[in-house]
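Coordinate analysis (summary)
One letter stands for each residue in the lines below.
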Amino acid sequence: MLKRNPRLATDNKPVYAADALGMEPEEMRRLGHKVVDLVVDRLLHKQTEPVLVAGEPAELMAALGGPLPESPLDADASIELLAEIALAYQQHGDHPRYFARVPGPSSFAGVLGDWLGTGFNTICASWGGASGPATVELVAIEWLRQLIGMPDGTEGVLVSGGSIANVTGFLAARHELGRGVSYYTDQTHSSLHRDLVAMGCIDEHMHKLVSNDDYCMSIESLEAAVAADKAAGLRPVMVIATAGTTNTGAVDPLHEIADLCAREGMWFHVDAAYGGPAAVTADGREYLAGMERADSLVLDPHKWLFQPYDLGVCMVTRPGALEKCYAMSPEYLKDVQTATGAVNFGNRSLELTRKSRALKLWLSLRTYGADKFRAAVQRGIDLAEFAEAEIRRDPGTWDLVTPAQIGVVTFAFRDWKLGEHAACTKAVTDSGFACVSSTMLRDKSVLRLCTINPLTTESDISETIRRLAEARPA
Ligand SMILES: *Cc1c(COP(=O)(O)O)cnc(C)c1O
């Protein structure tokens, strides 16, 4: 029989104060409502704010710093200072004209899930101490698995983001197969190299391959590198493929890599932190085919699954691989209960005390339903195709560098000169109208739009492209 948290009866007189540090309940409600209003008002009017504002360190420090407050300062004023100054000076990744790096179009049901968990001070470490939140996490991971088409029985753990999710998989791989060489490319996200270094990989165990003309891993180069390393007495252990690179949305040849890993007894890791959510659509699923063969796979729902920041996922398809790597059972955790189906999430990554990141995902999947997610992801894919068409319409100004690939398109001025793209992105960003980034594709400078915010309109895109052209130095 499940027991519910009791709702308070009116004759149930509180014995303790509500707040550990003594805030009165009426004040808690009043300030809480104020925060909700601030958040919803900002969401309603976000198109009126500059997309990105960067401040001067001394100025911000003067506004937000000062001596340690020994006695209470006015909470209303402090909340307003946070909302109006501290939170104004940032990239608004949920703004419909934020096209730089990777936008963060978060959804409100996700925000509510996060707030609820924070309010209940939820922990999700051991089953004994968190069976409810742990079940929500199991369900959220299972729903994600179904949504993107990973095999039945896939296990996972929620962490802060892609950087930590990737190293969570790498360490599980090393635990399973031991030390040896990992392969990736010059298009692999730079945090993955840092992950490997942090794990103590030596230089000759980090084999970075040159990507091909489509900015994908070349299976021939990979095969040659594996053979050469073996001939040199090294032990190849893992291939790190990217399913949707941050630069161009390119996908490495996943089936071929999976075949090679199977032949060579290597671990197949897929970094789908950016692109994985495209698999919720039929075309995206086809584009990412082979991803489901990963031994470990990383997703970043705080990018393209409409979640507030602080949500990455590491999934593994080898049962128990996470627990084998991370489980600990010291004396002071001995009283945790075990039962069939019970999972101690503190035994699936390097985090023990951890918040419940599943609440937001669970609540938003239930609140909106999977079809809303599919439509919103499809919208992002379509918008990049619209941007590509706009660029192709003006060959006098633009060269298309890489076509629209799951929400990312890159392009360059015809006969660009060094520094021109950076100057244009700075001009458009400084104007507050939009935020666009430039990137390097090996030795080529390009402009890049990432269009995954479903609130973006076609005219947001054409006007941004027009303003970039207008900002080209004469
Ligand atoms: C964003 C990203 C990462 C890093 O994820 P964080 O959430 O920023 O830690 C890793 N890989 C890819 C492909 C990414 O797009």
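Predicted, not measured: the structure shown is a model, and the values here were computed from it.

**What to know about the overall build of the chain**
Along the chain, the regular secondary structure elements total 16 helices and eleven strands. Taking 23 Å as the expected radius of gyration for a compact globule of 474 residues, we find that the chain reaches 24 Å, a close match to that expectation. Counting across all 474 residues of the chain, residues that qualify as buried make up 48%. Only carbon and sulfur atoms are counted for the fraction: they give 56% of the accessible area of the chain, which is about 23300 Å². The average position of the 45 basic charges and that of the 61 acidic charges among the side chains of the chain differ by 3 Å.

**Side note on the sheet that holds strand β8 (residues 398-405)**
On the basis of which strands lie adjacent, the open sheet formed by four strands has the order β8-β9-β11-β10 and antiparallel pairing. Single-partner strands in this sheet number two, and they are β8 and β10 (437-441). If you compare each strand with its neighbour and ignore which way they point, the axes differ by 30 degrees on average. As judged from the four bridges shared by strand β9 (residues 408-413) and strand β11 (residues 444-450), these two strands associate in the antiparallel manner. By the bridge assignment, Phe411 is partnered in β11 with Leu447.

**Here's the deal with the domain arrangement of the chain**
Each assigned domain of the chain is listed here: domain 1 (113-369) and domain 2 (372-470). On a C-alpha basis, the centroid separation for the pair domain 1 and domain 2 is 29 Å. With 31 residues of domain 1 in contact, the opposing surface of domain 2 contributes 23 residues. At the junction of domain 1 and domain 2, the tally comes to one salt bridge. Between Asp186 and Arg442 there is a salt bridge, with its nearest N and O atoms 3.8 Å apart.

**Focus on the packing of helix α5 (residues 127-148) against helix α13 (residues 358-368)**
At a minimum axis separation of 9 Å, α5 and α13 run at an interaxial angle of 55 degrees. Relative to α13, the element α5 is oriented oblique. For the element pair α5 and α13, the recorded crossing hand is left-handed. On α13, the residues touching Val136, Glu137, Val139, Ala140, Trp143, Leu144 and Leu147 of α5 are Ala358, Leu359, Leu361, Trp362, Leu365 and Arg366. Residue composition of the contact of α5 with α13, by class: eleven nonpolar, no polar and two charged.

**Section: the sheet that holds strand β1 (residues 155-159)**
Pairing between the strands of a sheet is mediated by backbone hydrogen bonds and can be parallel or antiparallel. Sheet architecture is open: seven strands sit in the order β1-β7-β6-β5-β4-β2-β3, paired in mixed fashion. Either end of the sheet is taken by a strand with one partner, and the two such strands are β1 and β3 (206-209). Between one strand and the next, the sheet's axes are offset by a mean angle of 20 degrees, whatever the strand orientation.

Definitions and limits used
- Residues numbered from 1 in each chain as written.
- Predicted model: local features only at pLDDT ≥ 70, side-chain atom pairs only at ≥ 80, totals over all residues.
- Heavy atoms only, no water.
- Helix = DSSP H or I, 4+ residues; strand = E, 2+ residues; numbered from the N terminus.
- Rg over C-alpha atoms; globule rule 2.2 N^0.38 Å.
- Buried < 20%, exposed > 50% of the residue type's maximum accessible area, 1.4 Å probe, protein only.
- Areas by Shrake-Rupley, 256 points an atom, 1.4 Å probe, with all protein chains shown as cover.
- Lys, Arg positive; Asp, Glu negative; His and termini not counted.
- Charge placed at Lys NZ, Arg CZ, Asp CG, Glu CD.
- Pairing = 2+ DSSP bridges.
- Axes fitted to C-alpha atoms, helices over the stretch in contact; angles between N-to-C directions.
- Domains from an automatic or database assignment.
- Contact = heavy atoms within 4.5 Å.
- Salt bridge = Lys/Arg side-chain N within 4 Å of Asp/Glu carboxyl O.
- Parallel < 35°, antiparallel > 145°, perpendicular 65-115°, else oblique.
- Left-handed = near helix turned anticlockwise from the far one by under 90°.
- Nonpolar A, V, L, I, M, F, W, Y, C, P; charged D, E, K, R; others polar.

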